[in-house]
Amino acid sequence: MTSSQNNPVYIVTGAGSGIGRATAQRLHTDGRRVVLADTDHASVKTLAAELNDMRDGSAYPVEHDVTLADSWAALCEQVSSFGTIHGLVNNAGITRDKSMLSMTEAQFDAVVDVHLRGAWLGCKSVIPTMRAGGGGAIVNISSSNRHGAFGQTNYSAAKAGIVGLTKAVAAEQAKYGIRCNAVAPGAINTPMIGDVPDRVRQQWMESIALGRLGEPAEIASAIAFLLSDAASYITAALLDVNGGEQHL
Ligand code: NAD
C-alpha cells in the first residue's frame, strides 16, 4: 500500500460556490480531505486557503472543467499525489433557461454537457482509482426540476438523465465496493437562482411544505450522509431534499 492509499480524499466539482462550497466545508468539518474542483480557480483557491488554515494539508484546489475528458485525466493525476479518491460529488452546474422554441442548440448542449456529460465523465474517470483502492462512493446532483420545468428543456432533460446514469453506475460498480446515489435538491439559496423573479419565488413558496428556500448546508448534509459508511446499504437511490415540494 502506498502512502496515498492511507489518505482518502473526496472530490467536489463546482466547489467554488453554493452547494459545492457548502459540501466541501461540511466534508472538511467531518474530518475529510477535500479536492476542490471548479472552472473558477480563484474561488477554490480562496476556499482551500481557509480550510488549510483550519487544518493544514486538508484541501487541494484544482482548476477543472467537468466537460473535458483531458481535464478529468489531469485532475486524477494531480490528486494521486494528495491521496486516494474515495468519494466524488458531481455537483458542477449551469443554467441557460429559455422556452424551447427560443433555446439555441448551443444553450441545450452547454447545459447537457456540464450536468450529464460532466457527471458521466466524472464517474468514468475516478472509478478505476476507486476500484484499485477497494471501493468508494459517488453522489450525483439531480434536481426537482428533473420532472420538467418551464424554460428548462435542457436542464430538466440533463437532471432526469443523471438519475438513470446514477442507477446504471450503481448496478455496474456494486461488486467493486462502489456505491452511487443521487441527491435532488429543491429550490436552494445559491447564486444559481439569483436571477429568479420574485413572482416565481412566491409560487415556489406556495408549493413548498416547509415554506422557505433550502440552504446549501442542508443539501451538503444529505450528500455527506450518502458518502459516509452510515449509508453503507444505500446505492442506486435518489434522495429528494426539497422541503416537501407538493407539485411533484
Ligand atoms: P452555483 O452557480 O452556486 O455553483 C455552481 C458551480 O459550478 C460554480 O462554482 C461554477 O463555477 C461551477 N461550474 C460551472 N461549470 C463548470 C464546469 N464546466 N466545470 C467545473 N465547474 C463548473 O450553483 P448551485 O446552486 O450551488 O448548484 C450546484 C448543483 O446543484 C448544480 O448541479 C445545480 O444544477 C444543482 N441544483 C441547484 C438547485 C438550486 O436551487 N440552487 C436546485 C437543484 C439542483
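Here the structure is shown first, and the text comes after it.
Residues numbered from 1 in each chain as written. Predicted model: local features only at pLDDT ≥ 70, side-chain atom pairs only at ≥ 80, totals over all residues. Heavy atoms only, no water.

Asker: Is there a simple way to explain the overall build of the chain in this structure?
Answerer: A count of helical and extended segments in the chain gives seven helices and seven strands. From first element to last, N terminus to C terminus, the chain shows the α and β order β-α-β-α-β-α-β-α-β-α-β-α-α-β. Its C-alpha atoms give the chain a radius of gyration of 17 Å, within 12% of the compact-globule value 18 Å for 248 residues. If you line up the chain on its principal axes, its C-alpha atoms span 55 × 40 × 35 Å. Here the chain holds 248 residues, and the buried ones make up 48% of them. In the chain, the proportion of contacts linking residues at least 24 apart, taken out of those at least 6 apart, comes to 72%. Accessible surface, the chain as shown: approximately 11,600 Å² in total, 53% of it carbon and sulfur. For the chain, the distance from the average position of its 19 positive side-chain charges to the average position of its 23 negative side-chain charges is 5 Å. (Helix = DSSP H or I, 4+ residues; strand = E, 2+ residues; numbered from the N terminus. Rg over C-alpha atoms; globule rule 2.2 N^0.38 Å. Buried < 20%, exposed > 50% of the residue type's maximum accessible area, 1.4 Å probe, protein only. Contact = heavy atoms within 4.5 Å. Areas by Shrake-Rupley, 256 points an atom, 1.4 Å probe, with all protein chains shown as cover. Lys, Arg positive; Asp, Glu negative; His and termini not counted. Charge placed at Lys NZ, Arg CZ, Asp CG, Glu CD.)

Asker: Explain the nonpolar core to me, please; I cannot follow it from the model alone.
Answerer: With 30 residues, the main nonpolar core has Val-35, Leu-75, Ile-85, Val-126 and Ile-138 as its most contacted residues. Broken down by secondary-structure element, the contributors of at least two residues to this core are strand E1 (8-13), strand E2 (33-38), helix H3 (69-80), strand E4 (84-90), helix H4 (105-132), helix H5 (153-173) and strand E6 (178-185). Counting residues per element, this core draws most heavily on H4, which supplies eight residues. The contact partners of Ile-138, leaving out residues within four places of it in the chain, are Leu-88, Asn-90, Cys-123, Ile-127, Met-130, Val-169, Ile-178, Arg-179, Cys-180, Asn-181 and Leu-227. Tyr-10, Ala-24, Ala-48 and Ala-231 belong to the second largest nonpolar core, which has 26 residues in total. (Core = buried A, V, L, I, M, F, W, Y, C linked by side-chain atoms within 4.5 Å.)

Asker: Could you clarify how one ought to interpret the site of the ligand in this entry?
Answerer: Around the ligand, 29 residues are found, and the nearest of them are Ser-17, Asp-38, Asn-91, Tyr-155 and Thr-190. Residue Asp-65 places a side-chain N or O atom 2.9 Å away from a nitrogen atom belonging to the ligand. At 2.9 Å, a side-chain N or O of Lys-159 approaches an oxygen atom of the ligand. Protein chains bury 91% of the 840 Å² of accessible surface belonging to the ligand in isolation. When residues of the shell around the ligand are traced back to their parent elements, those giving at least two are helix H1 (18-29), H4 and H5. (Near = heavy atom within 4 Å. Polar contact = N/O pair within 3.5 Å; in protein donor to acceptor, adjacent residues only side chain to side chain.)

Asker: Help me understand empty space enclosed by the protein in this model?
Answerer: Here the idea is plain: a probe the size of a water molecule rolls over the atoms and shows the empty space left. Applying the stated criterion across every chain yields a total of one cavity of 30 Å³ or more. The space that makes up the largest cavity amounts to roughly 30 Å³. Along the walls of the largest cavity sit Thr-13, Val-66, Asn-90, Asn-91, Ala-92, Val-114, His-115, Gly-118 and Ala-119, which together make up its complete lining. Sorting elements by how many residues they give to the lining of the largest cavity places H4 first, with four residues. (1 Å grid on protein atoms, 1.4 Å probe; cavity = no way out; pocket = protein on both sides within 12 Å on 5 of 7 lines; lining within 4 Å. Points joined across faces, edges and corners; volume = space filled by probe spheres on them.)

Asker: Just checking my understanding: could you explain the pairing of E6 for this structure?
Answerer: The element E6 is extensively covered by neighbouring structure, given that eight of its eight residues are classed as buried. Residues Ile-178, Cys-180, Ala-182 and Ala-184 line one face of E6 and the alternating positions Arg-179, Asn-181, Val-183 and Pro-185 line the opposite face, and both faces are buried. Summarising the sheet, strand E5 (residues 136-141) and E6 pair through six bridges and their orientation is parallel. From the neighbouring strand, Ile-141 faces E6, where its bridge partner is Val-183. Of the crossover connections in this fold, the one passing from E5 over H5 to the parallel E6 is right-handed. Pairing of E6 with strand E7 (residues 238-241), which is carried by four bridges, proceeds in the parallel orientation. Paired with Ala-184 across the two strands is Asp-240, which belongs to E7. (Pairing = 2+ DSSP bridges. Right-handed = clockwise from strand over helix to strand, strands pointing away.)

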